[in-house]
Amino acid sequence: MDMPTSSRLPLPGPEYRVDGVSYCINPNCRQTQALTEGEICQHCGTPLLVNGKYRLVRSLRAMNPLATTDIFEVESWPDRLPKVIKILRDSDPQAIEHFEREALALQWLDHPGVPKVELGDEFTVEIPATGQCLRCLVMEKIDGENLETWVSQHGPIDQKTAIGWLKQLLEILEIIHDNQFFHRDIKPSNIMRRPNGQLVLIDFGSVRTMTNTYVASVHAREVTTSLSVGYTPQEQLDGQAVPQSDFFALGRTFVYLLTGIHPGEIPYQTANARLLWRDKAPQVSTALKDLIDELMALKPSERPASAAEVYRHLSANQLRLTDARLIVNSRKFKFAATLLLALGLGTLGVYRVASPLMSERYARSGTEALMAGELDEAYQLYQKAQRHNPNDVRIYNNLALVCQEKQDRICAEAMYMKALELNPDNATARYNLGELYEDIGDLERAETQYRLAMLSDERSIAALARNNLAGINILNGHFVSAVSLASEGLALAELDQHKATLYKNRGWAYYLQNNYEQAIADLEASIQLLPQQADAYCLLAQVWEAKEMETNVSDLWHKCLENQSPRENLEVKVWQNQARKSLNIQE
Ligand SMILES: Nc1ncnc2c1ncn2[C@@H]1O[C@H](COP(=O)(O)OP(=O)(O)O)[C@@H](O)[C@H]1O
Ligand SMILES: [Mg+2]
């Protein structure tokens, strides 16, 4: 066979000596090799020193001709350090995209819990005999075993180890999510344990970046997915992965770590898809099991909002000391108190609480207690008010708000339903119920309630319902209807707060239609009316960036970060991450 030399692959210098077995990188040659010496593969002529620097010494998993990648341990030359190389043998565009995303994520993320990739360690290698180009990624080699192997050797872990590992993994996930990535393939074989006990998350082949396009395509169900049976959540299979999808896989990972049983082999309740694993891990507390079940909630919106949030609960040592049920804040509830304080009378938050005609003494005291955050007190007062006047819709509505503040969504929904039973035309209850559904990610039911609330004679509710419908339309990619709904809302709105959010949504829709001039006008109008809210700044920064106008952009990004958003929506998180990136701020 000819042995062509490649101009891309410098031959090793005279100092280089091959010791031990060296593999050939050519995927079509590997069956035949197991070379003991030489600089060039004797079978196909491919240089054995890959990219002039790495020698393949050990395959890290069984050779599988169907896999898109090969993974080897390599030795770098001349320092002879062990590293790992991932080689893409597939030329399918999707496989290339996955490979490049992995390379990007590993180069971008800088944390001991993620394998390091040095500059220049992503390269291509040409096979001289065939002309085939292989993409390669060299990364830090993590000593130790992956957790699947570890558990198969050491058995299920105890509570103390579980809490320690959970904290480590949450910290890594927080870094990943804060950098706008999500992993999408968390499972025991993709987590390694260094000999010093530190965990490292590997295999970023399914990683995605969280961008506006991503958010849009999630809503359009266009996102391709990867599948690890037993670990991948349903929404990801439906092409709708969100950062919370990583929490589901993390929960399933702990089911394996605590039971030693693959989650795909554990029965589940057919009614709610809950995995029946708890009695298989007698060594851990109910509180820890509750937390793991929260991570695995069926709906992403019922899982924790962020890794930091779970981490805080764990750090408070609650799990070790008590069995108290862990309450995980939803995005809405976390902000409700701030909203009431920040916005004052006549605005969105208070408007929903202070029904002006509320005459009963109990109801008034109930509202005072609610505003003061004394929720149990408020609940009792409203109940008394309700007993005195069982047919007052407003009391049920406010009871629902107390339930919502108490993080009891089932109670809140029941109270709104009661209110609507008494008066199906009560637009306030419809609107609030719509928001409740929107917050748990049930956009369809939210839309139904908003459409009914839109019919209200009360202008402010009719305006707000249009505002939220416009938001749902934007997420569904219907920008034209979003613009017309927001315009109708603007014609009805009376309060600055309401106008500001309508301008913001219309500006957002214009921006996504690439109508930058109208977008700028609306977003500036929104900022003028409500300068203390983040959303419009974040959007305006993006419009200026899209127009490639540098002026003011960093100022706007700062304001996007410094201000609050009363409803902590997914998109605002995305924008604030974009702000951090643009401003080079590490959290
Ligand atoms: N950086 C690394 N250091 C050490 N071992 C690794 C490294 N990356 C992968 N491995 C080993 O190779 C196995 C397969 O790698 P992975 O990236 O998960 O690819 P895949 O799941 O596609 O086979 C891992 O389970 C792990 O044992
Ligand atoms: Mg893997």
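Just so you know, these numbers come straight off a predicted model, no measurement behind them.

(A) Representation of the packing of helix H12 (residues 361-371) against helix H14 (residues 393-405). Two elements in contact, H12 and H14, have axes whose closest approach is 11 Å; the angle formed by their N-to-C orientations is 20°. Judged on the interaxial angle alone, H14 and H12 are roughly parallel. With respect to the hand of their crossing, H12 and H14 are arranged in left-handed fashion. Contacts between H12 and H14 involve Ala 363, Gly 366, Thr 367 and Leu 370 on the former and, on the latter, Ile 395, Asn 398, Leu 401, Val 402 and Glu 405. A breakdown of the residues in the contact of H12 with H14 according to their chemical character gives five nonpolar, three polar and one charged.

(B) Inspection of the nonpolar core at higher detail. Within the largest apolar cluster, 76 residues are counted, with the highest numbers of intra-cluster contacts made by Ile 85, Leu 106, Cys 136, Ala 162, Phe 254 and Leu 258. With nine residues, the single largest contributor to this core is helix H6 (residues 243-259). With sequence-adjacent residues up to four places away left out, Phe 254 is seen in contact with Ala 162, Leu 166 and Ile 292.

(C) Representation of the confidence of the model for the chain. Per-residue confidence for the chain gives a mean pLDDT of 80, with 82% of residues at or over 70. Contacts from residues 1-18, a stretch scored under 50 in pLDDT, to residues over four places away or in other chains number 31 contacts. Every residue in residues 316-359 scores below 50 in pLDDT, and together they form 77 contacts with partners more than four places removed in sequence or on other chains.

(D) Region of interest: the sheet that holds strand S10 (residues 199-201). Within the open sheet, the three strands sit side by side as S7-S9-S10. Their pairing is antiparallel. Two strands lie at the open edges of the sheet, namely strand S7 (145-146) and S10, each paired on one side alone. Strand direction decides the pairing type here: S7 and strand S9 (residues 191-193), joined by two bridges, are antiparallel. Within the sheet, the bridge partner assigned to Glu 145 lies in S9 and is Arg 193.

(E) Inspection of the packing of helix H18 (residues 459-475) against helix H19 (residues 479-492) at higher detail. Contact geometry for H18 and H19: axes closest at 8 Å, N-to-C directions at 165°. One finds that H18 runs roughly antiparallel with respect to H19. Along this stretch, H18 crosses H19, giving a crossing that reads as left-handed. Touching Arg 459, Ala 462, Ala 463, Arg 466, Asn 467, Leu 469, Ala 470, Asn 473 and Ile 474 of H18 are Phe 479, Ser 481, Ala 482, Leu 485, Ala 486, Glu 488, Gly 489 and Leu 492, all from H19.

(F) Just the environment of Val 480, in detail. With respect to the helices and strands, the residue Val 480 is situated in helix H19. Look at Val 480 and you get exposed, because 10 C-beta atoms sit within 10 Å. In this structure, the C-alpha to C-alpha distance between Val 480 and Arg 506, residues 26 residues apart in sequence, is 9.6 Å.

(G) Main features of the site of ligand 1. Of all residues adjacent to ligand 1, which total 17 residues, the nearest are Leu 60, Val 84, Pro 115, Ile 142 and Asp 203. Those elements giving two or more residues to the shell around ligand 1 turn out to be strand S3 (69-76) and strand S6 (133-140). Taken together, the residues of the shell around ligand 1 sort by class into eight nonpolar, five polar and four charged. Counting only domains with at least three residues in the shell around ligand 1, you end up with domain 1 (6-140) and domain 2 (145-315).

(H) The arrangement of helix H16 (residues 427-439) in detail. Counted at 1.5 Å a residue, the expected span for H16 with its 13 residues is 18 Å, and the 18 Å between its end C-alpha atoms agrees. When you tally the buried positions in H16, you get 12 out of 13 residues, the bulk of the element. Residues of H16 that are buried include every one of Ala 427, Thr 428, Ala 429, Arg 430, Tyr 431, Asn 432, Leu 433, Gly 434, Glu 435, Leu 436, Tyr 437 and Glu 438, and no others.

(I) Spatial organisation of unusual backbone geometry. Cis geometry is adopted by the peptide bond preceding Pro 78, which originates at Trp 77 and carries an omega value of 10°. In this fold, Pro 78 is placed in the loop between S3 and strand S4 (82-88). At Arg 80, a position not held by glycine, the phi torsion is positive, near 60°. Summarising the element assignment, Arg 80 is placed in the loop between S3 and S4. In the Ramachandran plot, Arg 184 falls in the positive-phi region, its phi being about 70° despite a non-glycine side chain. Turning to its location among the elements, Arg 184 is positioned in the loop between strand S8 (181-182) and S9. What makes Arg 184 buried here is the crowd of 24 C-beta atoms within 10 Å.

(J) Layout of helix H22 (residues 534-546). Taking 1.5 Å as the rise per residue, H22 with 13 residues should run 18 Å; its terminal C-alpha atoms sit 19 Å apart, in good agreement. With respect to burial, H22 is a largely interior element, 10 of its 13 residues being buried. Restricting attention to buried positions, one finds in H22 the residues Asp 535, Ala 536, Tyr 537, Cys 538, Leu 539, Leu 540, Ala 541, Gln 542, Val 543 and Trp 544. At the C-terminal side of H22, Glu 548 shows a positive phi close to 55°.

(K) The environment of Thr 253, seen in detail. Here Thr 253 shows up in helix H6. Accessibility expressed as a C-beta count within 10 Å gives 27 for Thr 253, which makes it buried. Beyond its immediate stretch of four places on either side in the chain, Thr 253 contacts Ile 186, Lys 187, Pro 188 and Tyr 231.

Conventions and cut-offs
- Residues numbered from 1 in each chain as written.
- Chains lettered and ligands numbered in written order.
- Predicted model: local features only at pLDDT ≥ 70, side-chain atom pairs only at ≥ 80, totals over all residues.
- Axes fitted to C-alpha atoms, helices over the stretch in contact; angles between N-to-C directions.
- Helix = DSSP H or I, 4+ residues; strand = E, 2+ residues; numbered from the N terminus.
- Parallel < 35°, antiparallel > 145°, perpendicular 65-115°, else oblique.
- Left-handed = near helix turned anticlockwise from the far one by under 90°.
- Contact = placed C-beta atoms within 7 Å.
- Nonpolar A, V, L, I, M, F, W, Y, C, P; charged D, E, K, R; others polar.
- Core = buried A, V, L, I, M, F, W, Y, C linked by C-beta atoms within 7 Å.
- Buried ≥ 20, exposed ≤ 12 C-beta atoms within 10 Å, placed from the backbone.
- pLDDT = per-residue confidence, 0-100.
- Pairing = 2+ DSSP bridges.
- Near = placed C-beta within 6 Å.
- Domains from an automatic or database assignment.
- Expected span 1.5 Å × (residues − 1).

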